[in-house]
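Observations on the three-dimensional arrangement
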Amino acid sequence: MVNLTHLWSALLDFARSPIGHSTGWIIVITVVLIISVALLTLWERKVIGWMQLRRGPNRVRIFGFLPGVGQPFADVVKLLLKEVVIPANSNKFLFRVAPMIALIPAFAAWAVIPLSPEVVVSKADAGLLYLLSLTSMGVYGVIVAGWAANSKYAFLGAMRSAAQMVAYEIAMGFALVGVLMATGSMNLGTIVQTQSGGPLSWNWLWLLPLLVVYFISGVAETNRAPFDVAEGESEIVAGFHVEYSGIAFALFFLAEYANMILISALTAVFFFGGWQGPLEGYPGMASAPWWIAWLGAPSFLWFGLKIFLLLFLFLWFRATFPRYRYDQIMRLGWKALIPVTLVWIGVEMLLAVYRIGPWARAWYH
């Protein structure tokens, strides 16, 4: 009994320490992300069904209630019970490692994303560089998966996907250079704080072309429709993960949807004020009653709502646009999006010289 008491007190001391605090939030974020991915698959099928005048999943229940809500959890059980078949002539080590290479960066990136004014795992001053390095790691998972399977179809899908991801990563990088110029910091918490003052102070207004480029590039980075040539079923069976089954396939599936949530969160942080409220900074909000004042108070609620709305665009695009040809995708990335970002970076230089927009704020001086 005495040993248990000492163990409990030691755990409490660890939880109160900075390392314990960060570890606790890492566990919470990981669990919430996994559950969010499961519910996102259900929401996608429901939204697309609604847009196509059908019901979507409506059979599997949870404890006899909420028809259709149990479908993602039934899918998880099915994938866990299926056999993972490893091709005889594949590189078995890399074949097993590839899904983890694709998945881990999608979760690790959340270490520097501020969820609210108080909650962030790491307040890294080089958070923007950390994100750029991690998001570029995803392409290695795709290439390794296609090569290790020793299948021509998988390798062709991996090469197409890798070329696409590299092209759109360059556009995303240039868009983030514009955000860095407008905010003067690579710390994501500081980037959010510099957007205080309400929706007209958020970066979307002055960086609108970069917002469009960043979000389109994010859709292409996650291999989502209409940029899903890596999974062109009519052309190359199923892309780089054609040889994967069971839980190994599920990890690629999890990585794709986790990256959708990540891109939506980063778009909210860089261009829509993160956890800033829609009426933040408006006159009279400080003295307003609580049922109005909360509209201007910073909160994770606003961050979550912005992620929700941006995720809806991913689903809307999938239900609306046909798949592009591969040459059209590459032309858009190299000949349209990258030139737009370069031109707007030049425009930002002029805005900074003449102190217009974000550069007219007190913090810039």
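Residues numbered from 1 in each chain as written. Predicted model: local features only at pLDDT ≥ 70, side-chain atom pairs only at ≥ 80, totals over all residues. Heavy atoms only, no water.

Turning to the overall build of the chain, a few remarks are in order. Counting secondary structure elements, the chain contains 14 helices and 0 strands. A compact globule built from 365 residues would reach a C-alpha radius of gyration of about 21 Å, and the chain, at 22 Å, matches this within 12%. Seen through its C-alpha atoms, the chain measures out along the principal axes to roughly 70 × 65 × 45 Å. Counting across all 365 residues of the chain, residues that qualify as buried make up 45%. Taking contacts inside the chain between residues at least 6 apart in sequence as the whole, the part at least 24 apart equals 77%. For the chain, the exposed area adds up to about 18400 Å²; of that, 72% sits on carbon and sulfur atoms. Across the chain, the mean location of the 23 positive side-chain charges is 6 Å away from that of the 17 negative side-chain charges. (Helix = DSSP H or I, 4+ residues; strand = E, 2+ residues; numbered from the N terminus. Rg over C-alpha atoms; globule rule 2.2 N^0.38 Å. Buried < 20%, exposed > 50% of the residue type's maximum accessible area, 1.4 Å probe, protein only. Contact = heavy atoms within 4.5 Å. Areas by Shrake-Rupley, 256 points an atom, 1.4 Å probe, with all protein chains shown as cover. Lys, Arg positive; Asp, Glu negative; His and termini not counted. Charge placed at Lys NZ, Arg CZ, Asp CG, Glu CD.)

The next thing to look at is helix α4 (residues 92-108). An α-helix turns once every 3.6 residues. As a result, residues three or four positions apart point the same way. For α4, spanning 17 residues, the distance from its first C-alpha to its last is 25 Å, which sits close to the expected 24 Å at 1.5 Å a residue. Helix geometry: α4 is bent most strongly at A98, by close to 25 degrees, with proline P99 lying one to four residues after it. Three or more residues of α4 are buried, namely F95, V97, A98, P99, A102, L103, P105, A106 and F107. Those residues of α4 that are buried are in contact with α2 (18-51), α5 (127-135), α6 (138-148) and α11 (246-271). (Expected span 1.5 Å × (residues − 1). Bend = angle between axes of the 7 residues up to and from the residue.)

Next up on the list: the packing of aromatic side chains. Aromatic ring pairs are described here by two measures, namely the spacing of the ring centres and the angle between the planes. Scanning the entire structure with this criterion turns up 16 aromatic pairs. Where Y214 meets F271, the ring centres are 5.8 Å apart and the plane angle is 50 degrees; that geometry is what we call tilted. Note that Y214 is positioned in helix α9 (residues 208-221) and F271 in helix α11, a separation of 57 residues in sequence. Note on accessibility: Y214 and F271 belong to one class, buried. Aromatic ring contacts, followed pair by pair, group W43, F308, F312 and W316 into a single cluster. Its guanidinium or amino end placed over the ring of W202, K306 lies 4.0 Å from that ring's centre, counting from NZ or CZ. (Phe/Tyr/Trp six-rings, centres within 6.5 Å; stacked < 30°, edge-to-face > 60°. Lys NZ or Arg CZ within 6 Å of the ring centre and 35° of its normal.)

Note: most residues except glycine have negative phi, and most peptide bonds are trans. The peptide bond linking A225 to P226 adopts the cis configuration, its omega dihedral lying at 5 degrees. Checked against the element boundaries, P226 lands in the loop between α9 and α10 (233-236). The phi dihedral of L53 is positive, around 60 degrees, even though this residue is not glycine. In this fold, L53 is placed in the loop between α2 and α3 (71-81). Classification of L53 by relative accessible area gives exposed; the value is 80%. Not every positive phi belongs to a glycine, and R355 is a case in point at roughly 55 degrees. Turning to its location among the elements, R355 is positioned in the segment after α14 (326-353).

These results come straight from atomic positions and should not be treated as a statement about function.
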